[in-house]
Amino acid sequence: MGDVLSTHLDDARRQHIAEKTGKILTEFLQFYEDQYGVALFNSMRHEIEGTGLPQAQLLWRKVPLDERIIFSGNLFQYQEDSKKWRNRFSLVPHNYGLVLYDNKVAYERQVPPRAVINSAGYKILTSVDQYLELIGNSLPGTTAKSGSAPILKCPTQFPLILWHPYARHYYFCMMMEAEQDKWQAVLQDCIRHCNNGIPEDSKVEGPAFTDAIRMYRQSKELYGTWEMLCGNEVQILSNLVMEELGPELKAELGPRLKGKPQERQRQWIQISDAVYRMVYEQAKARFEEVLSKVQQRRPAMQAVIRTDMDQIITSKEHLASKIRAFILPKAEVCVRNHVQPYIPSILEALMVPTSQGFTEVRDVFFKEVTDMNLNVINEGGIDKLGEYMEKLSRLAYHPLKMQSCYEKMESLRLDGLQQRFDVSSTSVFKQRAQIHMREQMDNAVYTFETLLHQELGKGPTKEELCKSIQRVLERVLKKYDYDSSSVRKRFFREALLQVSIPFLLKKLGPTCKSELPRFQELIFEDFAKFILVENTYEEVVLQTVMKDILQAVKEAAVQRKHNLYRDSMVMHNSDPNLHLLAEGAPIDWGEEYSNSGGGGSPSPSPPEAATLSEKRRRAKQVVSVVQDEEAGLPFEASPEPPSPASPDSVTEIQGLLAQGLRAESPPPASPLLNGAPAGESPQPEAAPEASSPPASPRQHLLPGKAVDLGPPKPSDQETGEQVSSPSSHPALHTTTEDSAGVQTEF
């Protein structure tokens, strides 16, 4: 690898890449600074004028479930340096970074992990053929001849490959198809979460960044959805640079690569990953510098906005009226001829899979609560309630149980419309809908927890408890139906705008955009930071199509399509004090109801209670699997025989649910292949306690500083691995030197 990088990425070329990257970053960051003032004004105006959105009926969890491990188990990873497959103990903590250890013992002894993979921007491939096709397309002229050795050989029939257009790739395989299905669901959950890397509660920095991305790409005549708007700001910015830099490097370096097609493919992957890391580090430094600068200016801008809010609004409305008078005739014709006829078909294509997914969320929630109710009746009433409620509280984060909801969106197609409206991929809509599904599931579960906890304060008997659970379930389902309708209608409106607005801007650009600079003189100089002609122009274009979109969604609701509620229907809050209940401390079901009741075991002494509480805290796993670490791959020396299949695999879970089992299956006595039931795995007992709250993504530990490892956060580098130091007390963040002599901090 070192020879490849030193040959093709010498000092002169690295300098050229740095200069090109700097030029792109400078241009983008000017857009960002411009958009920051607009976003700040919009945020402060929004706070004053209110939202106008319907009141949500479900509660939302203010204290996230940080102390949980989503998944743990063993899988085989291909090591590119040794060209061998190695067994790795792997876990996914609450932040969805895939963490790889040498083995389970290394995890228990708090040895730093082999790698922490942030999967933003990655795709999961389930066959080597898919991977080879993508590799062949990424570097033209390197498609291997039939019968020649491929770039990758998988020893089993069940690979999982994490592919990224710019960063390094990761290769895994499993022994059984059920395990492949399980890990695919887990890794897809990681990707979905990491792709959504800009915080939802970022009311200024987030909108300013995404608007700057859109404006920059439109300045390059790139309209429509962008598939690589994935991850946090630095990851997205790195993707933006590579979108422009990558083709140039490919054209320049591709013909110079030597060797067979497979070898040239390997070389290009190494070069692309090395360039991506360089771009990432440069983008990170520049973005943090500019972010710090605009945040320092923020108090002064806020003071101006508070003082002159009315004048700024008046000035903006005057500008909008002038732009509207200029573009409205052209925009209305464009909407009538090119957008309006297609709105119903786009909406129907969105409504069917989305509504099926939300219906599945409702069904899964109903099934889980009903099964819990039956189990509570059959297994001792309130004595078992804490155990079942702890499991239920993590339902929204269970990749396997939520998979049936998520997969409904996979049928989304915009056939015949994608090319017309320049929609490069439907993945942006699929993932957004899936995130809404998870949020609504968690809101339903949390509301159920809160209401049931209130009922338990009345000291119900076993029979009364059963009736209380059923009553609370019915109340929550009514609230879910209302909120589900509101969330889906908002999603449909936003998706229709995402499809139509870039198309309209592209159509109107040749005749309208060149005339926009003359409107600049209508903006007072003191307000120029908060009002931009380009943004106001886009708002006017949005208004021309918005009435058609609102009408289409309204008609769907009036016709009761897919259980949508009419806008005129307002669900009067039957629980006026419900939101007050959510202000209390989070409910610890295991602590409050583990041994309650007369038939329970005696309460432990305070030290024992603390120990048991700590063990329970560490054992909060959404779903955990353990594999025999000595198991070997086929075609290796002395392979171990495969162990029995997992009882919590996707296929068997669906089978068990279909049979209506009332209680969990007892754990098998024999060793399992990724098969310990959730919560029964021994490894949570050894999970290290986090010594401090998670750090900000922008905070770095000093190289060489020892840390008390809890479940590590995923690296905010999309480029992947954090490589551990071989010393006895290594730090999670350490400085290494690659074979090309480049210092890189992971």
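Up top you'll find the structure we're talking about.
Keep in mind that what you see is a predicted model, and the values were worked out from it rather than measured.

### Observations regarding the overall build of the protein chain
Link 1 in the chain: When its secondary structure is counted, the protein chain shows 18 helices and nine strands.
Link 2 in the chain: Out of the 746 residues in the protein chain, the part that is buried amounts to 50%.
Link 3 in the chain: Taking the intrachain contacts of the protein chain between residues at least 6 apart in sequence as the baseline, contacts between residues at least 24 apart amount to 80%.
Link 4 in the chain: Element-wise, carbon and sulfur atoms account for 52% of the exposed surface of the protein chain, whose accessible area totals about 33,900 Å².

### A word on empty space enclosed by the protein
A water-sized probe rolled over the atoms picks out the places where empty space is left.
Link 1 in the chain: A complete count under the given rule lists five cavities of 30 Å³ or more for this structure.
Link 2 in the chain: A volume near 80 Å³ is recorded for the second largest cavity.
Link 3 in the chain: I135, S138, W163, H164, P165, Y166, A167, H169, W268, I269, S272 and D273 are the residues that line the second largest cavity.
Link 4 in the chain: Top contributing element to the lining of the second largest cavity by residue count: helix α8 (residues 261-339), with four residues.
Link 5 in the chain: In terms of residue class, the lining of the second largest cavity is built from seven nonpolar, four polar and one charged.

### Some remarks on the packing of helix α4 (residues 128-138) against α8
Link 1 in the chain: At a minimum axis distance of 10 Å, the contact between α4 and α8 shows a crossing angle of 75°. With respect to their mutual orientation, α4 and α8 come out roughly perpendicular. Facing Y131, I135, G136 and S138 of α4, the residues of α8 in contact are Q265, W268 and I269.

### Description of the state of the cysteines
Link 1 in the chain: Summed over all chains, the structure comprises zero disulfides.
Link 2 in the chain: The thiol of C194 is unpaired, and the distance to the nearest cysteine sulfur, on C190, comes to 6.2 Å.
Link 3 in the chain: A residue is classified by how much of its surface remains accessible, and C194, at 7% relative accessible area, is buried.

### Let's talk about the environment of V339
Link 1 in the chain: One can find V339 in helix α8.
Link 2 in the chain: Along the chain, V339 and F421 lie 82 residues apart, while their C-alpha atoms are 9.0 Å from each other.
Link 3 in the chain: Leaving out residues up to four positions away in the same chain, V339 has contacts with C334, F421, S500, F503, L504 and V545.

### Regarding the packing of helix α9 (residues 343-378) against helix α14 (residues 533-558)
Link 1 in the chain: The interhelical angle for the contact between α9 and α14, taken along N-to-C directions, is 50°, at an axis separation of 10 Å. The orientation of α9 relative to α14 falls into the category oblique. The element α9 and its partner α14 pack so that their crossing is right-handed. For the pair α9 and α14, contact is made by I343, L347 and M351 and by V545, D548, I549, A552, V553 and A556, respectively.

Calculation criteria
- Residues numbered from 1 in each chain as written.
- Predicted model: local features only at pLDDT ≥ 70, side-chain atom pairs only at ≥ 80, totals over all residues.
- Heavy atoms only, no water.
- Helix = DSSP H or I, 4+ residues; strand = E, 2+ residues; numbered from the N terminus.
- Buried < 20%, exposed > 50% of the residue type's maximum accessible area, 1.4 Å probe, protein only.
- Contact = heavy atoms within 4.5 Å.
- Areas by Shrake-Rupley, 256 points an atom, 1.4 Å probe, with all protein chains shown as cover.
- 1 Å grid on protein atoms, 1.4 Å probe; cavity = no way out; pocket = protein on both sides within 12 Å on 5 of 7 lines; lining within 4 Å.
- Points joined across faces, edges and corners; volume = space filled by probe spheres on them.
- Nonpolar A, V, L, I, M, F, W, Y, C, P; charged D, E, K, R; others polar.
- Axes fitted to C-alpha atoms, helices over the stretch in contact; angles between N-to-C directions.
- Parallel < 35°, antiparallel > 145°, perpendicular 65-115°, else oblique.
- Disulfide = S-S within 2.5 Å.
- Left-handed = near helix turned anticlockwise from the far one by under 90°.

Take it as geometry only, folks, not as evidence of what the structure does.
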